[in-house]
Amino acid sequence: MKSASSSTPALQHINRAIARPGGRRFGQTVNRLRLLAYRLRIYLADTLPRLFDINCAGSAILLLSPLLLLLALLARLQQGRVFDRHPMQGRDAARFDMLEFAGHYPGRSLATLFNILKGDMSLTGPRARTPDEVAQDSGASMAVRHAVRPGVISPFSMRNRVGIAHDVEAETDSEYVYTQTPGGSVTLLLRALLGRLITGDNKRPTPATLRFFDVEMTNTTMDETLTWLSDRARARTRTQLAFVNPDCLNIAYKNPAYQQVLQQASRVLPDGIGVNVGCRIKGIALRANLNGTDLFPRLCETLAATGQSIYLLGAQADRAAATAQAMQERFPGLRIAGTQHGYFKASEDAAVIQEINASGADILLVAMGAPHQELWLARHADALQVPVRMGVGGLFDYYSGSIPRAPLWMREIGMEWGWRLLQEPGRMWKRYLVGNPLFLYRVWRECRSQRKAAPLAQLPRSLRSSRLDRLRTRISAASRRGLWRHNSRITEVVKRTLDISAAATLLLLLSPLFLFVALAIRLESRGPVFFRQVRVGHRG
């Protein structure tokens, strides 16, 4: 049987040409051309990203040269050296020193631009790894990571910044290496910049607990949460888990009953980019965005491995059943204890609860929307015999295939809420366009009131002693005078260095214009090119 591709006119023409006398030589020529095209494609796939890296790094070094010279000078004056060198391994396991400006000044990591220009690193790629980390790698992950240059921005670090790096780093690196394209590298860079703009610097304290509007959330990871849920279900420990996003916290701000349920829950998990931005306002870091949509398939995988069962309650008719079927096809060992839609009357609560209890489920998922699902679980907490219960909002709508989820690239820049707004603008506009700014304003106001309410009694006793106060004042004045003299010298040197580097950069950029003007003056007049005037400058 002829294939569909062999019936195309172009291939038929080639086959006829090869079949004619002398066609063998023609076929060899075609194969050589194909091999040449393949090699050219491989060459361009490696060369184009490298040219892009050189162009971007060179342009950045040129434009930022005043700042780079300033950082180098400060490092030399303060630390006695310009660079801190960190041993790393890159492409083909070659060792190199990743550079940082010495000291603790902002922008010290800009020294990696020289690594990019040299060819040790790329703008995008897997994270550069130390020799100790490489020694722990084995098999395919090591080979894949060493196939490309390490990047200043890695896919895993980009996802980790917005809290959705739930997969193993090696899997994310492998996905990047196998699917990378020059255009994909550019979009990865843009997504990372947008994510950094929204979430800010992630070098902030990471407390074990987050607190918003008297609601405490556990600041943990996806893997720890899955282990915790499985252990609680195995031990038959009564557990209520809640996911809260900015909309939930806005509701809890005005709904005391809902707020009390969240306060009494076994664990509350942060959900959404808004909580991440709220943490930024508070000056703390979020470990992970633990939304139910990301947790659900991983929970099903865990339960399929442990043999524990799950019950799905909520959403419209047939959506819970469709979700159960989709998850069982994806994880064949998953036990579904039962399903039930969420559109039943209050008078039917007892019958629904009796059916759930009779199923023997280990975990109950309730998809009724916040705050109704949490209030329903709290109201029937004593009647329910399922050990682990959680509200999951519109989860079944996604996994039943009724509503598509936002593309990964939108989630990577924290814009999944924008996707939901485009899907249902009439229902979601108030939640996102009004609710998100309102949440951030309330967080800011809460932080400001907490700073103002800091009690004076918490200050050290030595600060309240008048004698020690006077001694401290004298020492502080003397140290300020010495520091002022020292800083004056440094400031003068730094200012002069900045002037030189800025003038040199402008001379370099404007040199074609200056040469043209000088040549025009020289052709017009036999006199000097420069007009000189005597002035009085620094120190006479």
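From a predicted model like this one, the values you see are computed outputs, not experimental measurements.

A closer look at the pairing of strand β1 (residues 83-89)
- Summarising the sheet, β1 and strand β2 (residues 95-101) pair through 7 bridges and their orientation is antiparallel. Across the sheet, residue Pro-87 finds its bridge partner in β2, namely Asp-97.
- The antiparallel hairpin formed by β1 and β2 contains 5 residues in its connecting segment, where Asp-92 sits at a positive phi of about 55°.

What to know about the environment of Gly-369
- Along the chain, the position of Gly-369 falls in the loop between β11 (363-367) and α17 (372-379).
- Residue Gly-369 is classed as partly exposed on the basis of its relative accessible area of 21%.
- Separated by 54 residues in sequence, Gly-369 and Ala-315 place their C-alpha atoms 8.8 Å apart.

Remarks on the layout of surface pockets
- Computed from the structure, the second largest pocket encloses a volume of approximately 1,400 Å³.
- Along its surface, the second largest pocket is lined by 39 residues, and Ser-109, Val-152, Ile-153, Arg-161 and Arg-196 are the ones closest to its centre.
- Among the secondary structure elements, those contributing two or more residues to the lining of the second largest pocket are α2 (23-63), β1, β2, α4 (112-118), β4 (151-153), α7 (155-162) and α9 (182-199).

Quick notes on the pairing of strand β8 (residues 267-270)
- Across the two faces of β8 the burial is the same, with Arg-267 and Leu-269 and Val-268 and Pro-270 all buried.
- With 4 bridges joining them, strand β7 (residues 239-244) and β8 adopt parallel strand pairing. Looking across to β8, one finds that Phe-243 is bridged to Leu-269.

Description of the packing of helix α13 (residues 273-282) against helix α21 (residues 425-452)
- Direction vectors running N to C along α13 and α21 enclose 25°, while the axes themselves pass 10 Å from each other. Taken together, the axes of α13 and α21 are roughly parallel relative to one another. Here α13 and α21 pass one another in a crossing that is right-handed. Here Gly-274, Val-275, Val-277, Gly-278, Ile-281 and Lys-282 of α13 lie close against α21, whose contacting residues are Phe-439, Leu-440, Val-443, Trp-444, Glu-446, Cys-447 and Gln-450.
- Across the contact of α13 with α21, the residue classes break down as 8 nonpolar, 3 polar and 2 charged.

A short note on a positive patch on the surface
- Among the surface-exposed residues, Arg-445, Arg-448, Arg-451 and Lys-452 lie close enough to one another that they form a single positively charged patch.
- Looking at where Arg-448 falls in the secondary structure, it is placed in helix α21.
- By relative accessible area, Arg-448 is classed as partly exposed at 34%.

A few points about the sheet that holds β7
- Spatially, 6 strands are ordered β8-β7-β12-β11-β9-β10 in an open sheet, and the strand pairing comes out parallel. The sheet terminates laterally at β8 and β10 (335-340), the two strands that pair on one side only. Sheet twist, expressed as the average angle between the axes of neighbouring strands with direction ignored, equals 20°.
- As paired elements, strand β9 (residues 309-314) and β11 share 5 bridges and run parallel to each other. Paired with Leu-313 across the strands is Val-366, a residue of β11.
- Contacts from helix α16 (residues 349-359) reach β9, β10 and β11, with the element oriented near 165° to β9.

Side note on the pattern of salt bridges
- Per the counting criterion, the structure on display carries 23 salt bridges.
- For Arg-405, the salt bridge identified is with Asp-294, shortest N-O distance 2.7 Å. With Arg-405 in the loop between α18 (395-399) and α19 (408-412) and Asp-294 in helix α14 (residues 292-306), the pair connects residues that are 111 residues apart, well separated along the chain.
- On the basis of relative accessible area, Asp-294 is assigned to the buried category, the value being 7%.
- Through salt bridges that share partners, Arg-81, Asp-84, Glu-100 and Arg-108 make up one connected network.

Brief notes about the confidence of the model for the protein chain
- Residues of the protein chain with pLDDT of at least 70 account for 81%, and the chain-wide mean is 83.
- Long-range and interchain partners of residues 1-7, a stretch whose pLDDT sits below 50, account for 4 contacts in this model, where long-range means more than four residues apart.

Some details on the side chain of Gln-308
- When you line up the elements, Gln-308 lands in the loop between α14 and β9.
- Among the residues examined, Gln-308 registers a relative accessible area of 7% and is labelled buried.
- At 3.2 Å, the side chain of Gln-308 and the side chain of Ser-230 are in polar contact.
- Among the polar contacts listed, one links the side chain of Gln-308 to the side chain of Thr-306, at a separation of 2.8 Å.
- Beyond its immediate stretch of four places on either side in the chain, Gln-308 contacts Ser-230, Ala-233, Arg-234, Leu-303, Arg-335 and Asp-362.

Concerning unusual backbone geometry
- Residues Ala-370 and Pro-371 are joined by a peptide bond in cis, for which omega reads 5°.
- Of note, the phi angle at Ala-93 is positive, near 65°, even though the residue is not glycine.
- Mapped onto the fold, Ala-93 is located in the loop between β1 and β2.
- In this model, Asp-214 sits at a positive phi of 65°, which is unusual for a non-glycine residue.
- Within the secondary structure, Asp-214 sits in the loop between β5 (209-212) and β6 (215-218).
- Note on Asp-214: relative accessible area 42%, which makes it partly exposed.

Here we look at the side chain of Glu-374
- Residue position: Glu-374 is located in helix α17.
- As a buried residue without a salt bridge, Glu-374 has its nearest oppositely charged side chain in Arg-379, at a separation of 11 Å.
- Here Glu-374 is in contact with Gln-240, Ala-242, Tyr-258, Val-261 and Gly-391, once residues within four sequence places are set aside.

A short note on the nonpolar core
- Counting residues in each nonpolar core, the largest one holds 34 residues, and the members touching the most others are Phe-296, Leu-299, Ile-310, Ile-363, Leu-365, Met-390 and Phe-396.
- Taken together, the elements giving at least two residues each to this core come down to α10 (222-234), β7, α14, β9, α15 (319-330), β11, β12 (388-391) and α18.
- The residues touching Met-390, leaving out its near neighbours within four places in the chain, are Leu-229, Leu-241, Phe-243, Leu-299, Ile-363, Leu-364, Leu-365, Val-366 and Leu-377.
- Phe-101, Ala-111, Val-144 and Val-177 belong to the second largest nonpolar core, which has 25 residues in total.

Cut-offs used in this document
- Residues numbered from 1 in each chain as written.
- Predicted model: local features only at pLDDT ≥ 70, side-chain atom pairs only at ≥ 80, totals over all residues.
- Heavy atoms only, no water.
- Pairing = 2+ DSSP bridges.
- Helix = DSSP H or I, 4+ residues; strand = E, 2+ residues; numbered from the N terminus.
- Buried < 20%, exposed > 50% of the residue type's maximum accessible area, 1.4 Å probe, protein only.
- 1 Å grid on protein atoms, 1.4 Å probe; cavity = no way out; pocket = protein on both sides within 12 Å on 5 of 7 lines; lining within 4 Å.
- Points joined across faces, edges and corners; volume = space filled by probe spheres on them.
- Axes fitted to C-alpha atoms, helices over the stretch in contact; angles between N-to-C directions.
- Parallel < 35°, antiparallel > 145°, perpendicular 65-115°, else oblique.
- Left-handed = near helix turned anticlockwise from the far one by under 90°.
- Contact = heavy atoms within 4.5 Å.
- Nonpolar A, V, L, I, M, F, W, Y, C, P; charged D, E, K, R; others polar.
- Patch = residues over 30% accessible without salt bridge, like charges linked within 9 Å, V, L, I, M, F, W, Y side chains within 5 Å.
- Areas by Shrake-Rupley, 256 points an atom, 1.4 Å probe, with all protein chains shown as cover.
- Salt bridge = Lys/Arg side-chain N within 4 Å of Asp/Glu carboxyl O.
- Lys, Arg positive; Asp, Glu negative; His and termini not counted.
- Charge placed at Lys NZ, Arg CZ, Asp CG, Glu CD.
- pLDDT = per-residue confidence, 0-100.
- Polar contact = N/O pair within 3.5 Å; in protein donor to acceptor, adjacent residues only side chain to side chain.
- Core = buried A, V, L, I, M, F, W, Y, C linked by side-chain atoms within 4.5 Å.

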